Amino acid sequence: MPKNVMYMTTVDPKFIENLIQHKGLMIVITTTVGKLIGTLDNVFIDHVALVVNGKFHHIRLCEIVYFEKAEEK
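This section reports on the structure supplied with the text. (Residues numbered from 1 in each chain as written. Predicted model: local features only at pLDDT ≥ 70, side-chain atom pairs only at ≥ 80, totals over all residues. Heavy atoms only, no water.)

### Regarding the overall build of the protein
Quick reminder of the rule: A helix here means a DSSP run of H or I that spans at least four residues, while a strand means a run of E at least two residues long, and both kinds are numbered starting from the N terminus. Relative accessibility under 20% of the residue-type maximum defines a buried residue, over 50% an exposed one, and the middle range a partly exposed one, all with a 1.4 Å probe and only protein chains included. For the accessible areas, the method is Shrake-Rupley and the probe is 1.4 Å, while residue cover comes only from the protein chains on display. Charged residues are defined here as Lys and Arg on the positive side and Asp and Glu on the negative side; His and the ends of the chain fall outside this count. All charge positions are set by atom: Lys at NZ, Arg at CZ, Asp at CG, Glu at CD.
Looking only at helices and strands, the protein features one helix and five strands. Reading the helices (α) and strands (β) of the protein from amino to carboxyl end gives α-β-β-β-β-β. The proportion of buried residues among the 73 residues of the protein is 29%. A total of about 5,700 Å² of accessible surface is found on the protein, and carbon and sulfur atoms cover 56% of it. Computed over 8 positive and 8 negative side-chain charges, the separation of the two mean positions in the protein equals 5 Å.

### Comments concerning the nonpolar core
Here is a general trend for soluble globular proteins: nonpolar side chains tend to be buried in one another's company. Heads up, the rule is: In plain words, nonpolar cores are sets of buried Ala, Val, Leu, Ile, Met, Phe, Trp, Tyr and Cys residues tied together by side-chain atoms within 4.5 Å. The contact rule is simple, with two residues in contact once any of their heavy atoms fall within 4.5 Å.
Within the largest apolar cluster, 13 residues are counted, with the highest numbers of intra-cluster contacts made by Leu19, Ile27, Ile29, Leu40, Val48 and Leu50. Mapped by element, the contributors of at least two residues to this core are α1 (13-20), β1 (26-31), β2 (34-43), β3 (47-52) and β5 (64-69). With three residues, β3 is the single largest residue contributor to this core. Residues contacting Leu40, with those up to four places away along its chain left out, are Leu19, His22, Lys23, Gly24, Leu25, Ile27, Val48, Ala49 and Leu50.

### Looking at the sheet that holds β5
Applied cut-off: Strands are treated as partners if at least two bridges between them are detected by DSSP. The angle between two axes is taken between their N-to-C directions and runs from 0 to 180 degrees, where each axis is a line fitted to C-alpha atoms and a helix contributes only its stretch in contact.
Across the sheet, five strands lie side by side as β4-β3-β2-β1-β5; this open sheet has antiparallel pairing. Of all strands in the sheet, those with a lone pairing partner are β4 (55-60) and β5, marking the two edges. In this sheet, adjacent strand axes meet at a mean angle of 45° when their direction is disregarded. Both β1 and β2 contribute to a ladder of six bridges, which runs antiparallel. Paired with Ile29 across the bridge in β2 is Leu36.

### Looking at the pairing of β1
Burial of β1 is extensive: five of the six residues sit out of reach of the surface. The sheet contact formed by β1 and β5 spans five bridges and is antiparallel. Paired with Val28 across the strands is Glu68, a residue of β5.

Written out as structure tokens, the structure reads:
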């Protein structure tokens, strides 16, 4: 096993900053494969945690095309 492992990820600081401002809110995340609507639980360096119908979804930032605040019903 190699001992010197280095992990790398691209970071979009303004995008992450905007996501963090929506923590706890209902948002729509459009990914490369579709849309998810749920409550933004947390934002990490490489993914977000979105709660959809009580189930956690961990979405990689590189797969997000855009997000927006969900409309109130």
